[in-house]
Structures are given as structure tokens and as C-alpha cells.
Amino acid sequence: DDCSYIIEASSELPIILVNGYIDSPNIYCVLCDDYNAVYNVTSSLIENGRNHIVYLYTSTSFSGLKKLNGYQDALKNNNINLNSEYAHLCSKNISDALDYLNNMYYNGLTFDAVVTSDDLLAVGAIKYSHKHNIKVPEQLEIIGYNNSVISRCTEPELTSIDSHVEQLSTKAVDVLMKVLCGESADKHSIITADIIKRNTTHF
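Residues numbered from 1 in each chain as written. Predicted model: local features only at pLDDT ≥ 70, side-chain atom pairs only at ≥ 80, totals over all residues. Heavy atoms only, no water.

(A) Seen up close, the packing of aromatic side chains. This structure, assessed with the given rule, holds seven aromatic pairs. Aromatic pair Tyr-55 and Tyr-71: ring centres 5.2 Å apart, planes at 20°, arrangement stacked. Taken as a pair, Tyr-55 in strand S3 (residues 53–57) and Tyr-71 in helix H3 (residues 62–77) lie far apart in primary sequence, 16 residues in all. Residues Tyr-55 and Tyr-71 agree in their burial class; the two are buried. An aromatic cluster of at least three residues, connected via ring pairs, comprises Tyr-105, Tyr-106, Phe-111 and Tyr-128. For Lys-67, the ring lying beneath its charged end belongs to Tyr-145, and the centroid distance is 4.0 Å. Between Lys-187 and the ring centre of Tyr-28, over which it is positioned, the NZ or CZ distance is 5.3 Å. (Phe/Tyr/Trp six-rings, centres within 6.5 Å; stacked < 30°, edge-to-face > 60°. Helix = DSSP H or I, 4+ residues; strand = E, 2+ residues; numbered from the N terminus. Buried < 20%, exposed > 50% of the residue type's maximum accessible area, 1.4 Å probe, protein only. Lys NZ or Arg CZ within 6 Å of the ring centre and 35° of its normal.)

The structure is reproduced here in C-alpha cells:
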């Protein structure tokens with residue numbers, strides 16, 4: 001993406017980016033460690049014997065690509081071949097995720113886990129499991145992202161990655177106030193995500 005307009009604006013006022021990254025003077029970045037969050041849960045699934053893991057995502061932003069890279073590297077480092085059909089960019093809605101998984105099913109592409117970049121997509125995976133009478137988590141493990149209220153509204157309740165949006169926002173405001181007051185502030189702040197374990201995974 002062209003970030004020149006942001007860099008240009010930063011010459012006149014401080015810029016605070018949340019889950020974005022630009023290495024330039026007067027630009028401050030507050031980030032969730034999305035890469036390791038997805039890398040770690042994908043690795044945990046592999047340790048549980050899952051070898052055909054689907055990744056559904058909604059964005060190719062800086063954050064979105066970090067998540068995708070975490071998934072890809074976890075497979076590579078465990079000597080699992082990357083199949084392009086197992087990673088799919090889709091719209092941020094339940095039906096798109098459900099439709100894609102149904103298409104995989106009807107095309108004979110087997111999978112035993114689904115990792116997503118958003119809880120909505122994970123809901124689509126749960127609906128898929130109900131449609132085909134697939135037991136979760138026994139036959140299919142599912143992981144969402146953002147730990148939204150949706151994760152507690154599904155049956156079974158959804159294991160989800162908590163990216164600590166409130167903590168990111170609070171840190172961004174803290175950095176901005178320090179900059180405006182002429183105090184020293186971290187150029188890049190990284191917050192660790194947590195896995196909130198519920199009933200769609202074994203780990």
C-alpha cells in the first residue's frame with residue numbers, strides 16, 4: 001500500500017498507528033503480535049495431530065499478512081506442504097466462510113482444523129460442522145480471532161485469540177499523550193495476544 005500520504009502528514013503532526021507499521025520519524029506504532037499468535041495456535045494444532053489445517057482470513061493489511069505468515073511458517077517448520085486451497089481470503093461474513101468450506105468438502109478436500117482471522121469466519125466453520133454432522137473438537141478443531149462476544153454465543157463455545165483491542169487503544173492514547181507533552185515515547189509497542197481456550201479445541 002502507498003503510505004506516502006501518512007509519512008507526509010507526519011511531518012506536521014505525530015501519527016499513531018494501531019496494528020500498522022511504518023518506520024518513519026514522528027510515526028508511532030502500537031501492535032499486537034499477530035504473527036506469533038497464529039503461529040502458536042497452528043503449531044499447537046499440529047502437535048495435536050492436525051495435518052490438514054485451513055486458514056480463512058479477511059485482509060491483506062499489515063496485521064492480516066502477519067497472521068497469514070504465522071500460519072504459513074508453522075506449517076513449513078513442521079514439514080507440512082502449503083496447499084493454496086487451504087488458505088483463503090474471504091469477505092468478513094459467516095456465509096462466505098461456510099460456502100468456502102462446503103466447496104472444499106464437495107471437492108473432496110479433507111481438513112481437520114480451521115484457523116481464522118476473525119470470529120465471524122469461525123462461526124461459519126461451526127455451522128459447517130453442524131451441516132455435515134462433524135464433531136467439534138473431536139473431528140474438527142476451530143479457532144477464531146478477536147475473542148468477541150460471538151465466541152461465547154456458539155455451540156460449542158469458540159476458542160479464540162484475544163488481541164487485546166482495549167489494551168492496544170489505551171497504549172495508543174498513552175503514547176500520544178507522551179508525545180504531545182514532549183516526553184519520550186516508544187516508537188514501536190508490541191502487545192502479546194492470548195489464546196482463550198473454550199470448547200472447539202482440545203488444547
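Now that the structure is up, let's keep going.
(B) Examining the pattern of salt bridges more closely. One pass over the structure, following the stated rule, counts three salt bridges. The partner of Glu-141 in a salt bridge is Arg-50, with the nearest N and O atoms 2.9 Å apart. Note that Glu-141 is positioned in strand S6 (residues 141–145) and Arg-50 in the loop between helix H2 (34–47) and S3, a separation of 91 residues in sequence. Between Lys-92 and Asp-118 there is a salt bridge, and its shortest N-O distance comes to 3.5 Å. Of this pair, Lys-92 sits in the loop between strand S4 (87–89) and helix H4 (94–106) while Asp-118 sits in the loop between strand S5 (113–116) and helix H5 (119–131), and the two are 26 residues apart along the sequence. According to the relative accessible area criterion, Lys-92 is exposed, its value standing at 52%. (Salt bridge = Lys/Arg side-chain N within 4 Å of Asp/Glu carboxyl O.)

(C) Inspection of the environment of Ser-117 at higher detail. As for its position among the elements, Ser-117 is in the loop between S5 and H5. Taking C-alpha positions, Ser-117 is 16 Å from Thr-192, a pair spaced 75 residues apart along the chain. Those residues in contact with Ser-117 that lie beyond four places of it in its chain are Tyr-55, Leu-56, Tyr-57, Thr-58, Lys-67, Tyr-145 and Asn-146. (Contact = heavy atoms within 4.5 Å.)

(D) Region of the structure containing the sheet that holds S6. An order of S4-S3-S5-S6-S7-S9 is seen for the six strands of this open sheet, with the pairing classed as mixed. Of all strands in the sheet, those with a lone pairing partner are S4 and strand S9 (194–196), marking the two edges. Each strand axis lies, on average, 20° off the axis of its neighbour in the sheet, ignoring direction. With three bridges joining them, S3 and S4 adopt parallel strand pairing. Each residue of the ladder has a partner; that of Tyr-55, found in S4, is Ala-87. Its contacts with the sheet put H3 on S3, S4 and S6, and the angle it makes with S3 is roughly 170°. (Pairing = 2+ DSSP bridges. Axes fitted to C-alpha atoms, helices over the stretch in contact; angles between N-to-C directions.)

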